[in-house]
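Structure assessment
Given next are the chains, with one letter for each unit.
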Amino acid sequence: MNALRLLFLVIATMISIGIWLTGYRNIHWFLYVPAVAMLSAGLTGFCPGLILLRKLSFKD
């Protein structure tokens, strides 16, 4: 596992802990989007957001 994938997993975990501490009924549904995206990027190594930004000519 490389550092970028581990970073995605750590951030997804932190967002999920924040959702849990706030309460599932009190947060907006959009907060689940980055948590799920980073969790899938950390597990699979495929990050759609990073690929999209690279196609828009942003450099690493």
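One structure accompanies this document, and this report is about it. (Residues numbered from 1 in each chain as written. Predicted model: local features only at pLDDT ≥ 70, side-chain atom pairs only at ≥ 80, totals over all residues. Heavy atoms only, no water.)

1. Things to note about the packing of aromatic side chains
Note on aromatic pairs: each is described by the distance of the centres and the angle between the planes. Short version of the rule: Two rings belonging to Phe, Tyr or Trp (six-membered ring only in the last case) form a pair when the distance between their centres is within 6.5 Å. Interplanar angles under 30 degrees mark stacking, angles over 60 mark edge-to-face geometry, and anything in between is tilted. Whether a residue is buried, partly exposed or exposed follows from its accessible area with a 1.4 Å probe, protein chains only, as a fraction of its type maximum: under 20%, in between, or over 50%, in that order.
Here the structure, examined in full by the defined rule, presents one aromatic pair. Between Trp-29 and Phe-30 the ring centres are 5.7 Å apart and the planes differ by 85 degrees, which places this aromatic pair in the edge-to-face class. Accessibility classification places Trp-29 together with Phe-30 in one group, the exposed group.

2. Section: helix H2 (residues 32-44)
We count it as follows: Numbering of helices and strands runs from the N terminus; a helix is a DSSP stretch of H or I covering at least four residues, while a strand is a stretch of E covering at least two. Here the expected length of a helix is defined as 1.5 Å per residue gap, with one fewer gap than residues. Directions pointing from the helix axis toward each C-beta atom define the arc.
Here H2 spans 18 Å end to end across 13 residues, near enough to the 18 Å set by a 1.5 Å rise per residue. When H2 is considered as a whole, its buried residues turn out to be Ala-35, Ala-41 and Gly-42. In an axial view of H2, the angular spread of the buried residues amounts to 135 degrees, which keeps them on one side of the axis. Within H2, the exposed residues directed more than 90 degrees away from the buried face are Val-36, Leu-43 and Thr-44. Where H2 ends, the next residue or the one after it, Gly-45, has phi of about 85 degrees, a positive value.

3. Topic: a nonpolar patch on the surface
Put simply, the rule reads: Patch rule: a residue counts if its relative accessible area is over 30% and it has no salt bridge; like charges are joined within 9 Å, and nonpolar side chains (Val, Leu, Ile, Met, Phe, Trp, Tyr) within 5 Å. The Shrake-Rupley method, run with a 1.4 Å probe, gives the accessible areas here. Residue values count only the displayed protein chains as cover. Take a side-chain nitrogen of Lys or Arg and a carboxyl oxygen of Asp or Glu: if they are within 4 Å of each other, that pair is a salt bridge.
A cluster of nonpolar side chains, Leu-6, Val-10, Met-14, Ile-17, Trp-20, Leu-21, Tyr-24, Trp-29, Phe-30, Tyr-32, Val-33 and Val-36, forms an exposed patch at the surface whose accessible area comes to about 1,300 Å². The set of elements that each furnish at least two residues to the nonpolar patch consists of helix H1 (3-22) and H2. The element that contributes the greatest number of residues to the nonpolar patch is H1, accounting for six residues. Position of Phe-30 among the secondary structure elements: in the loop between H1 and H2.

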